[in-house]
Amino acid sequence: MRVLAPLLTALLFLAACSGGGSGAWTGVSGFTAQMHDGINAARKDAGLAPVRVDAALSRAAAAHSRDMSIQDRPWDFGSDGSSPIDRVKKAGYAGRLVGEAISETFEDAPKTLKAWLAQDSVRQMILSPDATAMGLGWYREASGKYWWTLVLGRDASAAPAS
């Protein structure tokens, strides 16, 4: 116990001092809840079914957000050459990829979603009738810059889109 207490204290201190932070699904709260609510509001306005938050898609998104920060560039391929399809498979998602949106910004989740919805190609992906699940990941650098990744998928068990 004497050894564990100082070790735990040191780990908590290091965690508090880290400059960056990343996020993924740990229950629908915070940025994920804001993005989920906004996406489903846009889908409802378009007469589409809502999407659910998926843990595997969120893991894939979080890993890519961190990787974009390391690469210091927003793009769809990972530093290991991985594509969005590769990342969702590696994260354990059994369905198929509908699409991915990325962003490098100092904006919060609602402003990032607003910018995505203003881009025709990203808006079409968010409003795809094929989408049944979403994952959101982000990484915040010490400067306050965020790297965002939104991944939409179609669950393997989902009925064909009409």
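These numbers come from a predicted model, not from an experiment.

Rules used in this analysis
Here the residue numbers are simple positions, counted from 1 along each chain's written sequence. A pLDDT threshold of at least 70 governs which residues receive local features in this predicted model, and a stricter bar of 80 or more applies before side-chain atom pairs are shown or counted, although totals over entire chains, interfaces and linings include all residues. Heavy atoms from the whole structure form the basis of all side-chain values; hydrogens and water molecules are not counted. Secondary structure is summarised from DSSP: a helix means a run of H or I of at least four residues, a strand means a run of E of at least two, and numbering begins at the N terminus for each. Think of it in three bands: with a 1.4 Å probe and only protein chains considered, a residue is buried below 20% of the maximum accessible area for its type, exposed above 50%, and partly exposed in between. For the area figures, the Shrake-Rupley method with a 1.4 Å probe applies, and any residue is considered shielded solely by the protein chains shown. Pairing of aromatic rings covers Phe, Tyr and the six-membered ring of Trp, with a centre-to-centre limit of 6.5 Å; geometry is then stacked below 30 degrees between planes, edge-to-face above 60, and tilted otherwise. Each residue carries a pLDDT score, the predictor's own confidence in it, on a scale running from 0 to 100. Contacts are residue-level and defined by heavy atoms, with any inter-residue pair within 4.5 Å sufficient. By nonpolar core is meant a set of buried Ala, Val, Leu, Ile, Met, Phe, Trp, Tyr and Cys residues that side-chain atoms within 4.5 Å join together. A 3.5 Å cut-off defines polar contacts: any pair of N or O atoms within that distance qualifies, except that in protein one atom must be a possible hydrogen donor and the other a possible acceptor, and neighbouring residues in sequence count only when both atoms are side-chain atoms. Salt bridges are defined by distance alone: a side-chain nitrogen of Lys or Arg within 4 Å of a carboxyl oxygen of Asp or Glu.

Considering the overall build of the chain
Item 1. Scanning the chain for helices and strands turns up 6 helices and 5 strands.
Item 2. Along the chain, helices and strands appear, N-terminal first, in the series α-β-α-β-α-α-β-α-α-β-β.
Item 3. The proportion of buried residues among the 162 residues of the chain is 43%.
Item 4. Accessible surface, the chain: about 8800 Å² in total, of which carbon and sulfur atoms supply 58%.

Details of the packing of aromatic side chains
Item 1. The final tally for this structure, using the stated rule, is 5 aromatic pairs.
Item 2. For the pair W138 and W148, a centre-to-centre distance of 6.3 Å together with 40 degrees between the ring planes defines the contact as tilted. In this pair, W138 is assigned in strand 4 (residues 133–140) and W148 in strand 5 (residues 146–154), connecting sequence segments 10 residues apart.
Item 3. What makes W138 buried here is its relative accessible area of 13%.
Item 4. Residue classification places W148 among the buried positions, given a relative accessible area of 0%.
Item 5. Their ring planes at 25 degrees and their centres at 5.2 Å tell us that Y146 and W148 sit as a pair that is stacked. We note that Y146, like W148, is buried.
Item 6. Aromatic ring contacts, followed pair by pair, group F31, W138, Y146 and W148 into a single cluster.

What to know about the confidence of the model for the chain
Item 1. In this model, the chain carries an average pLDDT of 81, and 77% of its residues clear a pLDDT of 70 or more.
Item 2. For the stretch residues 1–20, pLDDT sits under 50, and the model shows 7 contacts to residues farther than four places along the chain or on other chains.
Item 3. Confidence drops under a pLDDT of 50 for residues 22–28, and excluding neighbours within four residues, the segment shows 18 contacts in the predicted structure.

Some words on the nonpolar core
Among soluble globular proteins, nonpolar side chains are generally buried collectively.
Item 1. In this structure, M35, I39, W116, I126, M134 and L150 are the most contacted members of the largest nonpolar core, which totals 22 residues.
Item 2. Mapped by element, the contributors of at least two residues to this core are helix 2 (30–45), helix 5 (109–118), helix 6 (120–126), strand 4 and strand 5.
Item 3. Apart from the residues lying within four places of it in its own chain, the contact partners of W116 are M35, A101, I102, S103, V122, R123, I126, W148, T149 and L150.
Item 4. Grouped together as the second largest cluster of nonpolar side chains are 9 residues, A56, A60, A91 and Y93 included.

Some words on the side chain of R87
Item 1. Structurally, R87 is set in helix 4 (residues 84–90).
Item 2. Here E100 takes part through its side chain, which lies 2.9 Å from a polar atom of the side chain of R87.

Considerations on the pattern of salt bridges
Item 1. Evaluation of the coordinates by the stated rule reveals 6 salt bridges.
Item 2. With a closest N to O distance of 3.1 Å, D155 and R52 form a salt bridge. Taken together, the positions of D155 in the segment after strand 5 and R52 in strand 2 (residues 52–53) put the pair 103 residues apart, joining distant regions of the chain.
Item 3. Linking R96 and D130 is a salt bridge whose minimum nitrogen-to-oxygen distance equals 3.1 Å. Note that R96 is positioned in strand 3 (residues 96–105) and D130 in the loop between helix 6 and strand 4, a separation of 34 residues in sequence.
Item 4. Take R96: its relative accessible area is 42%, and that puts it in the partly exposed class.
Item 5. One connected set of salt bridges, linked through shared partners, spans R52, D54 and D155.

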